[in-house]
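Understanding the architecture of this molecule
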There are 2 protein chains.
Amino acid sequence: MRSITSIGTSTQICAIIGNPVQHSLSPAIHNAAFQELDLDFVYVAHRVEDVKNAIAGMRALENFRAMSVTIPHKVEVMKYLDSVNKVDREIGAINTVINDLGTLRGMGTDGPGALNAILSAGINMDKINVLMLGSGGAARMIAFTLVHQTGLGHLAILDIDKAMLDALAGDLILQGEIPIHANLLNDNTLAENMETADLIIHCTPMGMHPRQDVSLIAPELFRQEQTVFDIVYTPMETKLLKDAKSKGLQVISGVEMFINQAVLQFEQFTGKTAPVDVMRRVVMEHLKS
Amino acid sequence: MRSITSIGTSTQICAIIGNPVQHSLSPAIHNAAFQELDLDFVYVAHRVEDVKNAIAGMRALENFRAMSVTIPHKVEVMKYLDSVNKVDREIGAINTVINDLGTLRGMGTDGPGALNAILSAGINMDKINVLMLGSGGAARMIAFTLVHQTGLGHLAILDIDKAMLDALAGDLILQGEIPIHANLLNDNTLAENMETADLIIHCTPMGMHPRQDVSLIAPELFRQEQTVFDIVYTPMETKLLKDAKSKGLQVISGVEMFINQAVLQFEQFTGKTAPVDVMRRVVMEHLKS
């Protein structure tokens, strides 16, 4: 066990910044992983309003290795960095800042974390039809990642917010050759798209605590060969996933996306392969309690 | 034992900033004390060149509770704080910044730490003659503290640097009623002042590693009723203290000043009584190794 008395002048510091951060699981996950690999790192949490000076401070404080960036700073923080991955600039938001001796790099691990959750579930993305519900920040990160990093066949996006939907669809169409179709979400468009979708990715807040009794998809729309991925993870099993499971569909929980984005962050912080099982155990323990 | 996995969203962070900080004992001392009292704090180290942005960052990062400030930032840092104790403004340097929810207070604990080391040794300061050797930064902090917080009878200061000596003496004379005499350090002035001094405080680098074989005071000048306090603590027992001890004088080691300044910082960080014995043990272990 690494005691706090092992923390010394060489210890690297990582932190989550956001507002609020009080309920973040990130310190628990990353500190458990540092301990597991016996790494000279610690992970703390800073509520931040003034993100510009938080970043200026990180740059000035050697040993401040990395930040996880959460709401509401994922967009603004990009202004203060030295470089941001191309795809993340197009997405327009990041969740990770790495400090290489005063040079700050920004990147997003939410989209890649979602993709890894899908791939770890054994899904072959090649030529499949993907139906995405929602076009907000999380949908945007996942859609960009899928369009750039997979050979999916067709991406349909449904949302009730036409302006946000059209903006996302427009930006995605510029990214490459994959056919994108965006439509207003209603009973007809949903039923129609459910008929052809192989993978459904749910990126709206429906079903999230305290609205855990609702789901966007009526159970009769499910087909057994489909997979449903819900990025909501409070509760760990949403009504959407429960319904899909009861119809015999494969399901992927948002918990896996959450774990996988943390795994990718950890590997950026440390350059080591993350102890995924330890990190999953910490997440599960916290979400159950 | 507090594991690093106990670090979470409520953990308060303290840090030393300076350049270099690689050999600082402060993380070891304070983390051992946090562990002893089971407090939700950690203490890290940041090498800093840009002190302005280090402080701006501290202000922006909630939970960043405190900084110990060391060379070369003890003077410049004062510019960026919301308040500094009056005596520390007159001294012109601080070593501690406390962050009260975004409001930054600066103070010095070196002078009070030295005074506590003297008082803990059982010295009654009332009306005594103090001889101070050296007029640099440490001498200045100690002299101001003694003049403000004790009823000493007379303070003589000797140095070879006339400009620095006169500046310190001039500033001290403005502080109150205590008679101050400053003279160039030479064999005559030293011998003369040694005849009347009750307490000698050595504040020059003479005798510090790697010049541990030298001492400013020839052993024949010692009188048995005197006390010698050497602020140098590498080696732990300087030639000055060894010589004084061999002549039967009471001695106070710079280690005690170092421990006492850390104790005062700890109490500012946490609001708790510091576990002095644990802190002393950590210092001793590190200095012996």
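Presented here is an overview of the structure given in this document. Predicted model, so just to flag it, every value in this text is computed and none were measured.

1. Examining the pairing of strand 9 (residues 180-184) of chain A
All names here are of chain A. Where strand 8 (residues 154-159) lies against strand 9, five bridges are found, and the strand directions are parallel. Bridging across to strand 9, I157 finds its partner in A182. In this fold, strand 8 hands off to helix 6 (residues 162-173), which returns the chain to strand 9; that crossover is right-handed.

2. Looking at the interface of chain A and chain B
A common way to state how big an interface is: give the accessible area lost once the parts meet. At the interface, 39 residues of chain A touch 40 residues of chain B. Taken over both partners, the interface formed by chain A and chain B buries close to 3,100 Å², and the fraction arising from carbon and sulfur atoms is 64%. Looking at the side of chain A facing chain B, the largest losses of area belong to I4, T9 and L61 of chain A, adding up to 22% of the total buried there. Seen at the junction of chain A and chain B, the total is two salt bridges. R47 of chain B serves as the salt-bridge partner of E62 of chain A, at 2.7 Å between the closest nitrogen and oxygen. Viewed at the interface, chain B and chain A are joined by 16 residue pairs in polar contact (both at pLDDT 80 or more). Counting only elements with at least two residues in the side of chain A that touches chain B, the list comes to strand 1 (12-18), helix 1 (26-36), strand 2 (41-47), helix 2 (51-60) and strand 3 (64-69) of chain A. Element by element, the count of residues in the side of chain A that touches chain B is highest for strand 2 of chain A, at seven residues. Its residues assigned to classes, the side of chain A that touches chain B shows 21 nonpolar, 13 polar and five charged.

3. Examining the pattern of salt bridges
All names here are of chain B. A full pass over the atoms with the stated rule returns 34 salt bridges over all chains. Here D40 ties to R2 by a salt bridge, and the two come within 3.4 Å at their closest N and O atoms. Of the two residues, D40 sits in the loop between helix 1 (26-36) and strand 2 (41-47) while R2 sits in the segment before strand 1 (12-18), which places them 38 residues apart along the sequence. D40 gets classed as partly exposed once you look at its relative accessible area, which sits at 28%. The buried category is assigned to R2, whose relative accessible area is 12%.

4. What to know about the nonpolar core
In terms of nonpolar packing, the biggest core is built from 108 residues, with F34, M67, V77 and V97 of chain A together with F34, M67 and V97 of chain B touching the most fellow members. Apart from residues lying up to four places away in sequence, M67 of chain B is in contact with L61 of chain A together with A15, I17, A54, I55, M58, N95, T96 and V97 of chain B.

5. Observations regarding helix 9 (residues 254-270) of chain B
A turn of α-helix holds 3.6 residues, and therefore any two residues three or four places apart point the same way. All names here are of chain B. The first and last C-alpha atoms of helix 9 sit 24 Å apart over 17 residues, in line with the 24 Å expected at 1.5 Å per residue. With 15 of 17 residues buried, helix 9 lies mostly within the body of the structure. The N-cap of helix 9, judged by a side-chain oxygen 2.9 Å from the amide nitrogen of V255 a few residues on, is S253. Directly beyond the C-terminal end of helix 9, a positive phi value near 75° is found at G271.

6. Considering the packing of aromatic side chains
The geometry of two aromatic rings is summed up by the distance between their centres and the angle between their planes. Applying the stated criterion across every chain yields a total of eight aromatic pairs over all chains. On the basis of an interplanar angle of 25° and a centroid distance of 5.1 Å, the ring pair of F34 of chain B and F41 of chain B is categorised as stacked. Residue classification places F41 of chain B among the buried positions, given a relative accessible area of 11%. Members of the aromatic cluster, connected to one another through ring pairs, are F34, F41 and F266 of chain A.

7. Some thoughts on the relation of the copies chain A and chain B
You can overlay chain A on chain B at an RMSD of 0.0 Å; the transform is a turn of 180° with a shift of 0.0 Å along its axis. Here the copies are linked by what is in effect a two-fold axis. The position closest to the rotation axis in chain A is occupied by the C-alpha of G57 of chain A, lying 1.8 Å away. A share of 100% of interface residues in chain A that are also interface residues in chain B marks the association as one of identical surfaces.

8. Description of the side chain of T227 of chain A
The topology assignment puts T227 of chain A in strand 11 (residues 227-230). T227 of chain A has contacts with I123, D198, L199, I200, Q250 and I252 of chain A, leaving out every residue within four places of it along the chain.

9. What to know about the sheet that holds strand 8 (residues 154-159) of chain B
Residues and elements named next belong to chain B. A sheet is described by the order of its strands in space; here six strands give the open sequence 9-8-7-10-11-12, paired in parallel fashion. Where the open sheet ends on each side, the last strands, each with one partner, are strand 9 (180-184) and strand 12 (250-253). Pairwise comparison of adjacent strand axes, ignoring direction, gives a mean angle of 15° for this sheet. Each of strand 7 (129-133), strand 8, strand 9 and strand 10 (199-202) is contacted by helix 5 (residues 137-149), which is oriented at about 165° to strand 7, the strand it contacts most.

10. Looking at the state of the cysteines
Within the structure shown, the criterion is met by zero disulfides over all chains. For C14 of chain A, which is in no disulfide, the shortest distance to another cysteine sulfur is to C14 of chain B and amounts to 18 Å. Overall, the relative accessible area of 0% leaves C14 of chain A in the buried class.

11. As for the sheet that holds strand 11 of chain A
Residue and element names in this part refer to chain A. Spatial ordering of the open sheet is given by 9-8-7-10-11-12, a layout of six strands whose pairing is parallel. Lying at the two open borders of the sheet, with one neighbouring strand each, are strand 9 and strand 12 (250-253). Pairwise comparison of adjacent strand axes, ignoring direction, gives a mean angle of 15° for this sheet. Summarising the sheet, strand 11 and strand 12 pair through four bridges and their orientation is parallel. By the bridge assignment, D230 is partnered in strand 12 with S253. In this fold helix 5 (residues 137-149) packs onto strand 7 (129-133), strand 8, strand 9 and strand 10 (199-202), with an angle of close to 165° to the strand it touches most, strand 7.

Rules behind the numbers
- Residue positions within a chain follow its written sequence, with the count starting from 1.
- Chain labels run from A onward and ligand labels from 1 onward, assigned in the order the entries are written.
- The predicted origin of the model limits local features to residues at a pLDDT of at least 70 and limits the giving and counting of side-chain atom pairs to 80 or more, whereas totals for whole chains, interfaces and linings rest on all residues.
- To get the side-chain values, take all heavy atoms of the structure and skip hydrogens and water.
- Only strands joined by at least two bridges in the DSSP assignment are considered to pair.
- Numbering goes from the N terminus for both helices and strands, where a helix is a DSSP run of H or I of at least four residues and a strand is a run of E of at least two.
- A crossover gets the label right-handed when its path from the first strand over the helix to the second runs clockwise, viewed with the strands pointing away from the viewer.
- Any two residues having at least one pair of non-hydrogen atoms within 4.5 Å are treated as being in contact.
- Reported buried area values correspond to the accessible surface (1.4 Å probe) lost by two parts on association, with both partners' losses combined.
- We count a salt bridge whenever a side-chain nitrogen from Lys or Arg sits within 4 Å of a carboxyl oxygen from Asp or Glu.
- By the criterion applied in these results, polar contacts are pairs of N or O atoms within 3.5 Å in which, for protein atoms, one can donate a hydrogen and the other can accept it, and in which residues neighboring in sequence qualify only through two side-chain atoms.
- Residue classes follow a fixed rule: Ala, Val, Leu, Ile, Met, Phe, Trp, Tyr, Cys and Pro count as nonpolar, while Asp, Glu, Lys and Arg count as charged, and any other residue, Gly among them, counts as polar.
- Exposure classes here rest on a 1.4 Å probe applied to the protein chains alone. A residue is buried below 20% of its type maximum, exposed above 50%, and partly exposed in between.
- Joining through side-chain atoms within 4.5 Å is the link that ties buried Ala, Val, Leu, Ile, Met, Phe, Trp, Tyr and Cys residues into a set, and such a set is a nonpolar core.
- Helix span is expected to be 1.5 Å times the residue number reduced by one.
- Any two rings among Phe, Tyr and Trp, with Trp reduced to its six-membered ring, count as a pair given centres within 6.5 Å; such a pair is stacked if its planes are under 30 degrees apart, edge-to-face if over 60, and tilted if neither.
- Residues reaching a pLDDT of at least 70 in both copies supply the C-alpha atoms on which the copies are superposed by least squares.
- Angles shown run from 0 to 180 degrees and are taken between the N-to-C directions of axes, each axis being a line fitted to C-alpha atoms and, for helices, limited to the stretch in contact.
- We call a pair of cysteine sulfur atoms a disulfide whenever their separation is within 2.5 Å.

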